[in-house]
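An overview of the molecular structure
What follows is the residue order along each chain.
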Amino acid sequence: MPTCSNCGEEFDLSTARRSIAQLFGAGAYDEYIDDKDLCEDCARDVIDDYRSAGADAMDLMDWEWD
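For the structure given in this document, a descriptive report is provided here. Computed from a prediction, not measured in an experiment: that's the story for all the values here.

Another aspect to go through is the state of the cysteines. Tallying each qualifying case throughout the model produces 0 disulfides. There is no disulfide at Cys-7, and the cysteine sulfur nearest it, in Cys-4, is 3.7 Å away. For Cys-7, a relative accessible area of 39% puts it in the partly exposed group. Take Cys-39: it sits in no disulfide, and the sulfur closest to it among the cysteines is that of Cys-42, at 3.7 Å.

Next up on the list: the pattern of salt bridges. For the coordinates displayed, the defined rule picks out 3 salt bridges. Arg-17 is the partner of Asp-30 in a salt bridge, and the nearest nitrogen-oxygen pair spans 3.2 Å. Residue Asp-30 is found in helix α2 (residues 28-32), and its partner Arg-17 is found in helix α1 (residues 13-24); the two are separated by 13 residues along the sequence. A relative accessible area of 38% places Asp-30 in the partly exposed class. For Arg-17, a relative accessible area of 31% puts it in the partly exposed group. Of the charged contacts, one joins Arg-44 and Glu-40 as a salt bridge, the two residues approaching to 3.6 Å between their closest N and O atoms. Of this pair, Arg-44 and Glu-40 are both found in helix α3 (residues 40-60), 4 residues apart, which corresponds to roughly one turn of the helix. Relative accessible area serves as the criterion here: at 26%, Glu-40 is assigned to the partly exposed category. What you see here is one network of salt bridges that share partners, running through Glu-40, Asp-41 and Arg-44.

Conventions adopted
- Residues numbered from 1 in each chain as written.
- Predicted model: local features only at pLDDT ≥ 70, side-chain atom pairs only at ≥ 80, totals over all residues.
- Heavy atoms only, no water.
- Disulfide = S-S within 2.5 Å.
- Buried < 20%, exposed > 50% of the residue type's maximum accessible area, 1.4 Å probe, protein only.
- Salt bridge = Lys/Arg side-chain N within 4 Å of Asp/Glu carboxyl O.
- Helix = DSSP H or I, 4+ residues; strand = E, 2+ residues; numbered from the N terminus.

Written out as structure tokens, the structure is:
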């Protein structure tokens, strides 16, 4: 089993990918996680950070979803 590069816990990569896909959509783990060595919890935190930054940028530019 791989070890998370962030928290050091052992995790099952296929379970982490499935869980992230259920939360954020198919392929989200591969799209957002560059090193592919993050457990489900750490990957969720990283993706949440990316999505929050994107939402903040849209607010600053006064963009709206169509």
